[in-house]
Amino acid sequence: MRYLPFAAAFAIAASAAGGATAQDTVKIGLVIPMTGGSAAVGREISDAAKLYMAQHGDTVAGKKIQLIVRDDASVPDNAKRLSQELIVNDKVSFLGAGLTPSAMSMAPIATEGKVATIVVVSGTSIVTEKSPYYVRTSFTLGQQSGIIADWAIKNGSKKAVSVLSDWAPGAEAGKVFEASFTKGGGQVLETLKVPLNNPDFAPFLQRAADLHPDTLFVFVPAGQAGTFARQFAERGLDKSGIKLIGPGDITDDDDLPTTGDTLLGVVTAGIYSAAHPSQINKDYVAAYQKASGHRANFISVGGYDGMHLIYEALKKTNGNTDAEMVVGTMKGMKWESPRGPISIDPRTRDIVQNVYIRKVEKKDGAPWAIEFATFEAVKDPLKEASN
Ligand code: PHB
């Protein structure tokens, strides 16, 4: 079957899916990196999705829920092949898409196979426009980067250097930051792009310091904040007086416990902190720690809320998994996440969520991103601009 053209194979799979098991089981296929440089991201999504199922049971609207995790090792071609196999061979009713390049390559497969797909990691605006069956529970870099630019301007920043991981989410963080920062009268002296894989930040940090900015705007993806913090301290930049700011990724809760005093005082605009002071979040952080041995982070909530979205949609459709129908019920859905109140924008299928300004402080001997201001119900600014 795997050698047939996808459309033909899909038609056979669809006609064969009439047995009792196929009707009573709803399979969800997560295509995430479990190995390679972004393995932490896959672990966080998979741990959070499994935690959601452990807490809410594996039966919804009379259907047994089965989670299938496939490792794409962050390779877009793998993601495409795996999602095709999940649809044709495993007959999944839902897909979960991970990193931006993989989510981009899976989109035509989800569209052709008519499978509702939750974007659980990608933070790039355009991804949700690549398939009418894509719905996002993660975040966009734009949501956070414009807000931190405004905050920096208000707090006296005038000359910034941007240090960005060199791929789509980094470009987007830099673009939105620069637009808001210059609109507020600031100047971006230079934009430095750091290779995504095996990054060595040292030469870029040296170049940034040589430009004598008052502010450093940094985006590194989940899994790299620890390395970044170490090299930042090695260059003495934590004591240089240059303000370090960014979207929430540089204060990733998965890495923060390993960063000692290096990031104390760093201010970010982020969608989630493990220190978010709601009861729902306290319970989530405790349960996640117990189940996984790690501190819950901003990636994990994308997986947890992705499962919530699927469960609630199935309740509304009474177990029907038709993509048009489930995506239709997901549009406009609202709920209380560990990160705070969130909803799915019915126009864009993108997530609407609070963005918090947070400062890294020590609490009980460990660094945490402590929220001190809230921007409510923030949409993806790039989609709003093109509206
Ligand atoms: C992405 O895939 O777009 C992505 C991944 C990790 C991040 C941010 C963005 O921290």
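As a starting point, this report considers the structure included with it.

Parameters at a glance
Residues numbered from 1 in each chain as written. Predicted model: local features only at pLDDT ≥ 70, side-chain atom pairs only at ≥ 80, totals over all residues. Heavy atoms only, no water. Axes fitted to C-alpha atoms, helices over the stretch in contact; angles between N-to-C directions. Helix = DSSP H or I, 4+ residues; strand = E, 2+ residues; numbered from the N terminus. Parallel < 35°, antiparallel > 145°, perpendicular 65-115°, else oblique. Left-handed = near helix turned anticlockwise from the far one by under 90°. Contact = heavy atoms within 4.5 Å. Nonpolar A, V, L, I, M, F, W, Y, C, P; charged D, E, K, R; others polar. Expected span 1.5 Å × (residues − 1). Buried < 20%, exposed > 50% of the residue type's maximum accessible area, 1.4 Å probe, protein only. Pairing = 2+ DSSP bridges. Near = heavy atom within 4 Å. Polar contact = N/O pair within 3.5 Å; in protein donor to acceptor, adjacent residues only side chain to side chain. Areas by Shrake-Rupley, 256 points an atom, 1.4 Å probe, with all protein chains shown as cover. 1 Å grid on protein atoms, 1.4 Å probe; cavity = no way out; pocket = protein on both sides within 12 Å on 5 of 7 lines; lining within 4 Å. Sits in = over half its atoms within 2 Å of the grid points.

Bringing the packing of helix 4 (residues 76-88) against helix 5 (residues 100-113) into the picture now. Packed helices, taken two at a time, are described by the angle between their axes plus the distance between the axes. Axis separation between helix 4 and helix 5 bottoms out at 7 Å; the angle between their running directions is 25°. Taken together, the axis directions place helix 4 and helix 5 in an arrangement best described as roughly parallel. The chirality of how helix 4 crosses helix 5 is right-handed. Residues P76, A79, K80, S83, Q84 and I87 of helix 4 pack against P101, S102, S105, M106, I109 and G113 of helix 5. Residues belonging to the contact of helix 4 with helix 5 are distributed by class as follows: six nonpolar, five polar and one charged.

Let us look at helix 4. With 13 residues, helix 4 should cover 18 Å at 1.5 Å per step; its first-to-last C-alpha distance of 18 Å lies within 8% of that length. For helix 4, the complete set of buried residues consists of A79, L82, S83, L86, I87 and V88.

What follows concerns the side chain of S165. By the element assignment, S165 lies in strand 7 (residues 159-165). Beyond its immediate stretch of four places on either side in the chain, S165 contacts G170, A171, V194, L196, F219, V220 and P221.

Paired through their backbone hydrogen bonds, the strands of a sheet run either parallel or antiparallel. Here we have six strands laid out as an open sheet, ordered 2-3-1-4-5-6, and mixed in their pairing. Pairing within the sheet leaves two strands with one partner each, and these edge strands are strand 2 (59-60) and strand 6 (134-136). Bridge count for strand 4 (residues 94-97) against strand 5 (residues 116-119) is four bridges, and the pairing is parallel. Across the sheet, A97 pairs through a bridge with V119, a residue of strand 5. Strand contacts of helix 4: strand 1 (25-32), strand 3 (63-71) and strand 4, with the helix running at about 175° to strand 1, the strand carrying the most contacts.

Here we take up the site of the ligand. With respect to spatial proximity, 15 residues lie near the ligand, and among them L99, T100, G123, A222 and D249 are the closest. In this structure, an oxygen atom belonging to the ligand sits 2.9 Å away from a main-chain N or O atom of A222. Its free accessible area being 280 Å², the ligand has 99% of it covered by the protein chains. Cavity membership is defined here by more than half of the atoms lying within 2 Å of grid points; on that basis the ligand lies in the second largest pocket. Considering only residue class, the shell around the ligand consists of ten nonpolar, four polar and one charged.

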